[in-house]
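# Summary of the model geometry
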Amino acid sequence: RRFDYRPKTDPYCQARYTFCPTGSAIPIVKEEDVIEVYRLQAPVWEFKYGDLLGHLKIMHDAVGFKSSLTGKNYTMEWYELFQLGNCTFPHLRPGMDAPFWCNQGAACFYEGIDDAHWKENGTLVLVTTISGTMFNEMAKWVKHDNETGIYYETWTVQASPDKQSTVWFDSYECSKFILRTYQKLADLGAVFRKIKTNYTSIILFSGEPIYLGNETSIFGPLGNKTLAAAIRDFYYPFKPYRTVGEFFADLLKIIDRVILKHQFYLFYNLEYWFLPMKFPYLKIVYEEIPLPVRSKTAFGV
């Protein structure tokens with residue numbers, strides 16, 4: 001869903017690591033410039049855990065640019081303002097009936113490409129070359145995309161592991177932004193190299209979802225108190241800052257609810273849905289999605 005504007009974030013939402021600390025505006029380059037475009041991928045939280053999550057194929061995606069005229073490098077990525085946990089599960093705040101979400105995501109653009117970060121455990125590879133005109137048009141698109149697509153969504157939800165199965169809900173995270181960026185460049189005329197490109201998806205498997213309502217209809221004065229209590233009860237075991245004992249106790253509650261009782265409550269586009277979960281319940285896939293094909297309409301390279 002696209003929104004008319006990006007709302008201000010609540011001071012309650014705090015990030016352990018600052019979002020886009022060295023970010024800058026996307027520069028306007030000369031039309032005759034030739035820009036190299038790089039595919040960047042590394043394990044999530046590689047700066048802290050090294051290749052640990054890479055073994056599980058939980059990868060973060062970005063795109064790099066290099067100007068032939070200036071020699072400057074740039075990195076562009078899209079990720080959570082307040083880290084992954086806050087985007088995936090809400091806070092249950094005292095005195096508030098409705099779960100409280102800190103789930104905005106946004107684009108980050110900054111000068112430089114950290115070669116060591118992307119090469120050591122991941123990928124840094126040239127995928128196409130574009131003109132300065134195409135780069136400037138892409139920059140306009142990024143601004144609009146960033147102002148209207150504002151909420152991070154961790155989960156993809158589909159009916160079964162089969163490739164042709166129904167996708168009930170699609171995720172909205174870093175890889176989707178990179179795929180949209182590549183497609184925009186293809187629409188502008190970019191010709192991509194024929195290389196294999198894989199992306200991470202975290203998939204929940206569910207029967208047909210049941211619409212429950214929005215925050216007002218469920219948690220408001222005339223809301224459904226029984227349903228409201230069930231949703232809060234579901235999210236409670238996912239709370240952060242637990243002792244080891246609390247973690248394992250909550251893990252048992254999660255297994256009981258999701259696997260044994262086949263229940264999951266999903267918050268998507270500001271609305272709540274009930275997912276009747278089914279085997280295999282959850283799966284992390286690292287699947288190939290080909291680079292896009294050049295559009296017939298082109299600015300030229």
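Use the structure listed above.
Here the structure is a predicted model, which means the values were calculated and not measured. (Residues numbered from 1 in each chain as written. Predicted model: local features only at pLDDT ≥ 70, side-chain atom pairs only at ≥ 80, totals over all residues. Heavy atoms only, no water.)

### Thoughts on unusual backbone geometry
- Note the cis peptide between Phe279 and Pro280, where omega equals 5°.
- A positive phi is found at His262, a non-glycine position, where the angle reads about 60°.
- Structurally, His262 can be placed in the loop between helix H8 (244-260) and strand E10 (263-268).
- The backbone of Asn269 shows a phi angle near 55°, a positive value even though the residue is not glycine.
- Among the secondary structure elements, Asn269 is positioned in the loop between E10 and strand E11 (271-288).
- You can call Asn269 partly exposed: its relative accessible area is 26%. (Helix = DSSP H or I, 4+ residues; strand = E, 2+ residues; numbered from the N terminus. Buried < 20%, exposed > 50% of the residue type's maximum accessible area, 1.4 Å probe, protein only.)

### Overview of the side chain of Glu77
- Among the structural elements, Glu77 can be located in strand E3 (residues 73-80).
- Despite its burial, Glu77 pairs with no opposite charge; the closest candidate is Arg39, at 13 Å N-O.
- At 2.9 Å, the side chain of Glu77 and the side chain of Tyr110 are in polar contact.
- For Glu77, the contacting residues outside a window of four places in its chain are His60, Asp61, Ala62, Ala106, Ala107, Cys108, Tyr110, Trp118 and Phe177. (Lys, Arg positive; Asp, Glu negative; His and termini not counted. Salt bridge = Lys/Arg side-chain N within 4 Å of Asp/Glu carboxyl O. Polar contact = N/O pair within 3.5 Å; in protein donor to acceptor, adjacent residues only side chain to side chain. Contact = heavy atoms within 4.5 Å.)

### Some thoughts on the packing of aromatic side chains
- Inspection of every chain in the model, using the stated rule, returns 27 aromatic pairs.
- With 5.3 Å between their ring centres and 25° between their planes, Tyr74 and Phe109 make a pair best called stacked. Here the residue Tyr74 occupies a position in strand E3, and Phe109 occupies one in strand E4 (residues 105-111), the gap between them amounting to 35 residues.
- According to the relative accessible area criterion, Phe109 is buried, its value standing at 5%. (Phe/Tyr/Trp six-rings, centres within 6.5 Å; stacked < 30°, edge-to-face > 60°.)

### Details of the pattern of salt bridges
- Under the defined criterion, the tally for this structure stands at eleven salt bridges.
- Lys239 is paired through a salt bridge with Asp250; the nearest N and O atoms lie 2.7 Å apart. In this pair, Lys239 sits in the loop between helix H7 (225-235) and H8 while Asp250 sits in helix H8, placing the two residues eleven residues apart along the sequence.
- For Asp250, a relative accessible area of 2% translates into the label buried.
- Asp250 is paired through a salt bridge with Lys253; the nearest N and O atoms lie 4.0 Å apart. With Asp250 and Lys253 both in helix H8 and three residues apart, the pair spans about one turn of that helix.
- Relative accessible area serves as the criterion here: at 43%, Lys253 is assigned to the partly exposed category.
- Beyond isolated ion pairs, a larger network of salt bridges with shared partners links Arg2, Asp145 and Arg180.

### What about a nonpolar patch on the surface?
- A surface patch of nonpolar side chains, about 750 Å² in accessible area, is lined by Val244, Phe247, Phe248, Leu251, Leu252, Ile255, Ile259 and Leu260.
- Counting through the fold element by element, Phe248 comes out in helix H8. (Patch = residues over 30% accessible without salt bridge, like charges linked within 9 Å, V, L, I, M, F, W, Y side chains within 5 Å. Areas by Shrake-Rupley, 256 points an atom, 1.4 Å probe, with all protein chains shown as cover.)

### What about the sheet that holds strand E5 (residues 123-131)?
- As summarised here, the arrangement of the five strands in space is E4-E3-E2-E1-E5, forming an open sheet in which the pairing is antiparallel. At either end of the open sheet lies a strand with only one pairing partner, and these are E4 and E5. On average, each strand axis in the sheet is inclined to that of its neighbour by 25°, with strand direction left out of account.
- Bridge count between strand E1 (residues 34-43) and E5: eight bridges; the pairing is antiparallel. Pairing of Val37 across the sheet is with Thr128, part of E5.
- Along the sheet face, helix H4 (residues 132-148) touches E1, strand E2 (59-67), E3, E4 and E5 and points at about 110° away from the line of E5. (Pairing = 2+ DSSP bridges. Axes fitted to C-alpha atoms, helices over the stretch in contact; angles between N-to-C directions.)

### Remarks on H4
- Between its first and last C-alpha atoms H4 spans 25 Å; for 17 residues at 1.5 Å apiece the expected length is 24 Å, and the two agree.
- Where H4 is concerned, the buried positions are Gly132, Met134, Phe135, Asn136, Met138, Ala139, Trp141, Val142, Asp145, Asn146 and Thr148.
- Tucked into the core, H4 has its buried residues touching E1, E2, E3, E4, E5 and helix H5 (174-187). (Expected span 1.5 Å × (residues − 1).)

### Some details on the state of the cysteines
- Applying the stated criterion across every chain yields a total of two disulfides.
- The structure places no disulfide on Cys87, whose sulfur is separated from the nearest cysteine sulfur, that of Cys102, by 8.5 Å.
- Judged by its relative accessible area of 3%, Cys87 is buried. (Disulfide = S-S within 2.5 Å.)

### Some points on the pairing of E1
- With eight of ten residues buried, E1 is to be regarded as a mostly interior element.
- Where E1 and E2 come together, nine bridges link them in antiparallel fashion. Directly across from Val37, in E2, lies its bridge partner Phe65.

### A closer look at H7
- Looking at H7, one finds that the buried residues are Leu227, Ala228, Ile231, Phe234 and Tyr235. Along the axis of H7, the buried positions cluster into a sector of 130°, meaning they face one direction only. Those residues of H7 that are exposed and aimed more than 90 degrees away from the buried face are Lys225 and Thr226.
- Contacts made by the buried residues of H7 are with strand E9 (210-214), helix H6 (215-219), H8, E10 and E11.
- Its side-chain oxygen at 3.2 Å from the backbone nitrogen of Thr226, Asn224 defines the N-terminal cap of H7. (Arc of directions from axis to C-beta.)

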